[in-house]
Amino acid sequence: MDMDALKRQAAARALEEVRDGMKLGLGTGSTAKHFVELLGEKVRAGMKVIGVPTSEATRADAIRCGVPLTTLDEIDHLDLTIDGADEIDPALNLIKGGGGALLREKIVAAASDRMIVIADDSKWVDVLGRFPLPVEVIPFGLAATQAAMARAFSEAGVSGEMLIRKGKDGHVFVTDGGHWIVDAHLGRIGDPPRLAGLLSAIPGVVEHGLFIGLGSVAVLAGAQGIQVVERP
Ligand SMILES: O=C[C@H](O)[C@H](O)[C@H](O)COP(=O)(O)O
């Protein structure tokens, strides 16, 4: 089965957790897009839900699929967020932000009672870090911020190249919040909560792609079927 079919299966399984009347966080990326499309079918069949999108791309998808939207200014609490991930470890720590939406994704996940992470099972890893860690930064003082990041990496026992993300057009990638992303190629992150804390303490870092204690359940689709893993 191709990867896209697995992503859709994970999205369909997560949709079974959605109840009438729920306030939902809508994730970003190719897996979350399947969820929004399937949710749109339910809405057209009469289900009443309202969603908060985690990116301008998801906002456009949700509108196209007829999913009613609101914002975290109108409501301050969500029942459930469904989102993809770039890597998931057995503690359900995540790396997110491959699509650049980590900041809004984390704000929305943190405002939710539960977060279901949907993915094909290639995202499941023993140790996070093979996927470059996205760190959203303020362009002002970038060299100083990167130096502080290097110190944080060293304190957390990791190291690796930091690359400023470029878009397909070759220009610096700019997030929905107007910031830049540094992708840190760390290889192996032995202690994700420690690194998360160190990065969060750097003034020029707006947010990082380590999601610690936010994922409640992972729905993983693979050749052998669907696996549902609860956070230990
Ligand atoms: O910024 C993007 C998000 O964190 C995505 O959820 C993540 O990159 C996974 O995306 P995909 O489902 O396309 O692999």
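Residues numbered from 1 in each chain as written. Predicted model: local features only at pLDDT ≥ 70, side-chain atom pairs only at ≥ 80, totals over all residues. Heavy atoms only, no water.

Under an unreviewed UniProt entry, the name given to the protein chain is Ribose-5-phosphate isomerase A, and the source organism is Bradyrhizobium pachyrhizi. UniProt, in its Catalytic activity (unreviewed entry) section for the protein chain, records the words "aldehydo-D-ribose 5-phosphate = D-ribulose 5-phosphate". One UniProt comment on the protein chain, placed under Sequence similarities (unreviewed entry), says "Belongs to the ribose 5-phosphate isomerase family." (UniProt positions renumbered as here; feature names shortened; annotations may be inferred.)

**Student:** Explain the UniProt feature "active site" (unreviewed entry) in the protein chain to me, using residue names and the numbers behind them.
**Tutor:** The UniProt entry lists Glu105 under the feature "active site" (unreviewed entry), expressed in the numbering used here. Within the secondary structure, Glu105 sits in helix 4 (residues 102–110). Every residue in contact with Glu105, bar those within four places of it in the chain, is listed here: Thr28, Thr54, Asp83, Lys96, Gly97 and Phe211. A polar contact is formed between the side chain of Glu105 and the side chain of Lys96, at a distance of 3.1 Å. (Helix = DSSP H or I, 4+ residues; strand = E, 2+ residues; numbered from the N terminus. Contact = heavy atoms within 4.5 Å. Polar contact = N/O pair within 3.5 Å; in protein donor to acceptor, adjacent residues only side chain to side chain.)

**Student:** I'd like a description of the sheet that holds strand 6 (residues 112–120), backed by residues and values.
**Tutor:** Reading across from one edge, 2-1-3-6-12-13 is the order of the six strands in this open sheet, with mixed pairing throughout. Both outer strands of the open sheet, strand 2 (50–53) and strand 13 (225–230), are each paired with one neighbouring strand and no more. Ignoring which end each strand starts from, the neighbouring axes of this sheet average 20 degrees apart. With three bridges connecting them, strand 1 (residues 23–26) and strand 3 (residues 78–83) associate as parallel partners. If you follow Leu26 over to strand 3, its bridge partner there is Ile82. Its contacts with the sheet place helix 1 (residues 3–15) against strand 3, strand 6, strand 12 (217–222) and strand 13, and it is angled at close to 155 degrees to strand 6. (Pairing = 2+ DSSP bridges. Axes fitted to C-alpha atoms, helices over the stretch in contact; angles between N-to-C directions.)

**Student:** Please set out the sheet that holds strand 8 (residues 161–164) residue by residue, giving values where relevant.
**Tutor:** Strand order in the open sheet made by the four strands is 8-9-7-10, with antiparallel pairing throughout. Two strands in the sheet have a free side with no partner beyond their single neighbour: strand 8 and strand 10 (205–208). Strand-to-strand twist in this sheet, taken as the mean axis angle between neighbours without regard to direction, amounts to 25 degrees. The pairing of strand 8 with strand 9 (residues 180–185) spans four bridges and is antiparallel. Among the inter-strand pairings, Met162 is bridged to a residue of strand 9, identified as Ala184. Against the sheet, helix 5 (residues 142–155) engages strand 7 (133–137), strand 8, strand 9 and strand 10, with an angle of about 150 degrees to strand 8. Sitting on the sheet, helix 6 (residues 192–200) is in contact with strand 7 and strand 10, with an inclination near 160 degrees to strand 10.

**Student:** How would you sum up the side chain of Thr81? Please name residues and give values.
**Tutor:** Take Thr81: it is sitting in strand 3. A distance of 2.5 Å separates the side chain of Thr81 from the side chain of Ser112, its partner in a polar contact. Residues within four places of Thr81 in sequence aside, it is in contact with Gly25, Val108, Ala109, Ser112, Arg114, Met115 and Ile116.

**Student:** Which residues make up unusual backbone geometry, and what values do they have?
**Tutor:** Unlike most non-glycine residues, Leu92 shows phi in positive territory, near 65 degrees. Its place among the elements puts Leu92 in the loop between strand 4 (87–88) and strand 5 (94–95).

**Student:** Tell me about the packing of aromatic side chains, and please be specific about residues and values.
**Tutor:** Taken as a whole, this structure holds zero aromatic pairs when the rule is applied. Between Lys96 and the ring centre of Phe211, over which it is positioned, the NZ or CZ distance is 5.6 Å. Over the ring of Phe173 we find Arg165, and its NZ or CZ is 5.5 Å from the ring centre. (Phe/Tyr/Trp six-rings, centres within 6.5 Å; stacked < 30°, edge-to-face > 60°. Lys NZ or Arg CZ within 6 Å of the ring centre and 35° of its normal.)

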